Amino acid sequence: MQANRSQATRNFAVIPPPTYANAFLVLIGGVVPLVALGFMLWSGNPPLDRLTQVSPALVIIPAVLALLFFAMKRRSVALVGHVLDVRAALFRERTPIADIDLERARLVDLAERMDLRPAVKTMGMSLPGFHAGRFRLRGKLAKAFCLVTDRQRVLWLPLHNGKDQLLLSVERPQDLLDALRATMDAHARRA
């Protein structure tokens, strides 16, 4: 049974986030606590009293940012049977292929399609150059599950319900689109 499952799974490489996305986390996680500590010690107030008040934050902030750094490495797009399985940082979306409107699906540039840009996080993670999870989009307040690491090459997969969609930055978007269509055609022939 395990062999059948691995044969039914097809993985699609995700475009890695730009280096400035990781640099942003390093900057926030490393520099900000050090600056805060330096300012606190420089202020002239009794340093031990202030240090004991702020020390939990000096540990918690870098720990949370380290978790986010490693979460950014969890990104995958796989076609598992008749389900598109997307893992984006701490989030996951499993969408049956039958729910995707493959006729309207296409590769888009978010600089041109401003209405498809992730705008408001509802359950997601957003850094410069990296959007993962659920977002409201700028246009019509539509909803999308996003794994966007390159705004110039995003595979837009609208769903048949008319209000939900997937936005994915995969290295070979046409390969994913072709695989989705082939799987849907094979499923239609069996039915």
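Reading the values: the criteria
Residues numbered from 1 in each chain as written. Predicted model: local features only at pLDDT ≥ 70, side-chain atom pairs only at ≥ 80, totals over all residues. Heavy atoms only, no water. Buried < 20%, exposed > 50% of the residue type's maximum accessible area, 1.4 Å probe, protein only. Helix = DSSP H or I, 4+ residues; strand = E, 2+ residues; numbered from the N terminus. Pairing = 2+ DSSP bridges. Contact = heavy atoms within 4.5 Å. Axes fitted to C-alpha atoms, helices over the stretch in contact; angles between N-to-C directions. Salt bridge = Lys/Arg side-chain N within 4 Å of Asp/Glu carboxyl O.

### A short note on the pairing of strand 4 (residues 91-96)
1) Next: Only one face of strand 4 is covered, namely the face carrying Phe91, Glu93 and Thr95; the face carrying Arg92, Arg94 and Pro96 is uncovered.
2) Next: Two elements, strand 3 (residues 83-88) and strand 4, share six bridges in a ladder whose sense is antiparallel. Residue leucine 84 lies in a different strand from strand 4, and its bridge partner there is threonine 95.
3) Next: Connecting the antiparallel pair strand 3 and strand 4 is a turn made up of two residues, with alanine 89 showing a positive phi of about 55°.

### Points about the environment of tyrosine 20
1) Next: Among the secondary structure elements, tyrosine 20 is positioned in helix 2 (residues 19-42).
2) Next: Through-space distance from the C-alpha of tyrosine 20 to that of glycine 129 is 7.4 Å; in sequence the pair is 109 residues apart.
3) Next: Apart from residues no more than four positions distant in its own chain, tyrosine 20 is found in contact with Pro128 and Gly129.

### Things to note about the sheet that holds strand 10 (residues 164-168)
Two strands in a sheet stick together by hydrogen bonds in their backbones, pointing the same way (parallel) or opposite ways (antiparallel).
1) Next: Here we have six strands laid out as an open sheet, ordered 5-9-10-8-7-6, and mixed in their pairing. Edge positions in the sheet fall to strand 5 (106-108) and strand 6 (118-127), since each has one partner strand and no second. When the angles between neighbouring strand axes are averaged without regard to direction, this sheet yields 25°.
2) Next: Where strand 8 (residues 143-148) meets strand 10, five bridges bridge the pair, whose relative direction is parallel.

### Concerning the pattern of salt bridges
1) Next: What the rule picks out here adds up to eight salt bridges.
2) Next: For arginine 94, the salt bridge goes to aspartate 85, with nearest N and O atoms at 3.6 Å.
3) Next: The buried category is assigned to aspartate 85, whose relative accessible area is 5%.
4) Next: A salt bridge links arginine 134 to glutamate 93; the nearest nitrogen and oxygen atoms lie 2.4 Å apart. A residue pair is termed long-range when its members are at least 10 positions apart, and arginine 134 in strand 7 (residues 130-137) and glutamate 93 in strand 4 qualify at 41 residues.
5) Next: Looking at arginine 134, the relative accessible area reads 32%, which means it is partly exposed.
6) Next: A relative accessible area of 17% places glutamate 93 in the buried class.

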